[in-house]
Amino acid sequence: MSGGNSSELACVYAALALHDDGVEVTSDKISAMLKAANVEVEPYWPSLFAKLCQGKDIGKMIESLGSAPVAAAPGGGGGGGGGGGG
């Protein structure tokens, strides 16, 4: 995996998997999970995500995503129709 977005995504998945297993999200554990999955990231990514998760209730963060209000789709303007053919 290469590039910032891929590295970021790999760390997100690792942090979510650790959380799902009830394991504390740490830099070492994220790194170990990525290594086990044969995913290479820049060394600062696991530390960055561990600091981001530190002291946060990841479960609440996930729950809040499911309860976020959905924006209404923009109205589609008046009709028009075209016409029937005939």
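Not measured: the values here are computed from a predicted model.

### A short note on the overall build of the chain
And then number 1: A count of helical and extended segments in the chain gives four helices and zero strands.
And then number 2: Listed by position from the N terminus, the elements making up the chain come as α-α-α-α.
And then number 3: Within the chain, buried positions represent 19% of all 86 residues.
And then number 4: Only carbon and sulfur atoms are counted for the fraction: they give 57% of the accessible area of the chain, which is about 6,300 Å².

### Comments concerning the packing of helix α2 (residues 27-36) against helix α3 (residues 44-53)
And then number 1: At a minimum axis distance of 8 Å, the contact between α2 and α3 shows a crossing angle of 135°. Between α2 and α3, the crossing angle belongs to the class labelled oblique. At the point where α2 passes α3, the crossing takes the right-handed sense. On the side of α2, the interface is formed by S27, I30, S31 and L34, while α3 contributes P46, S47, F49 and A50.
And then number 2: When the residues that make up the contact of α2 with α3 are grouped by side-chain class, the tally is five nonpolar, three polar and no charged.

### Considering the packing of aromatic side chains
And then number 1: On inspection of all chains with the given rule, the structure shows two aromatic pairs.
And then number 2: Centre to centre, the rings of W45 and F49 are 6.1 Å apart; their planes meet at 35°, and the pair counts as tilted. Placement of the pair is W45 and F49 together in helix α3, with a separation of four residues, close to one helical turn. For the pair W45 and F49, a shared accessibility class is recorded, and that class is buried.
And then number 3: In this structure an aromatic cluster arises from ring pairing among Y44, W45 and F49.

### Focus: the nonpolar core
And then number 1: The biggest cluster of nonpolar side chains holds 13 residues, and the ones touching the most others in it are C11, V25, I30, L34, F49 and C53.
And then number 2: Those elements that provide at least two residues to this core are α1 (4-20), α2 and α3.
And then number 3: For this core, the leading source of residues is α1, giving five residues.
And then number 4: Look past the residues within four positions of V25 in its chain and what remains in contact with it is A15, L18, H19, I30, A50, C53 and I58.

### Re the environment of A15
And then number 1: Mapped onto the secondary structure, A15 falls in helix α1.
And then number 2: It is 8.2 Å that separates the C-alpha atoms of A15 and C53, two residues lying 38 residues apart in sequence.
And then number 3: If sequence neighbours within four positions are ignored, A15 has contacts with V25 and C53.

### Considering unusual backbone geometry
And then number 1: A positive phi is found at N38, a non-glycine position, where the angle reads about 60°.
And then number 2: We classify N38 as exposed; its relative accessible area is 67%.

Cut-off values and rules
- Residues numbered from 1 in each chain as written.
- Predicted model: local features only at pLDDT ≥ 70, side-chain atom pairs only at ≥ 80, totals over all residues.
- Heavy atoms only, no water.
- Helix = DSSP H or I, 4+ residues; strand = E, 2+ residues; numbered from the N terminus.
- Buried < 20%, exposed > 50% of the residue type's maximum accessible area, 1.4 Å probe, protein only.
- Areas by Shrake-Rupley, 256 points an atom, 1.4 Å probe, with all protein chains shown as cover.
- Axes fitted to C-alpha atoms, helices over the stretch in contact; angles between N-to-C directions.
- Parallel < 35°, antiparallel > 145°, perpendicular 65-115°, else oblique.
- Left-handed = near helix turned anticlockwise from the far one by under 90°.
- Contact = heavy atoms within 4.5 Å.
- Nonpolar A, V, L, I, M, F, W, Y, C, P; charged D, E, K, R; others polar.
- Phe/Tyr/Trp six-rings, centres within 6.5 Å; stacked < 30°, edge-to-face > 60°.
- Core = buried A, V, L, I, M, F, W, Y, C linked by side-chain atoms within 4.5 Å.

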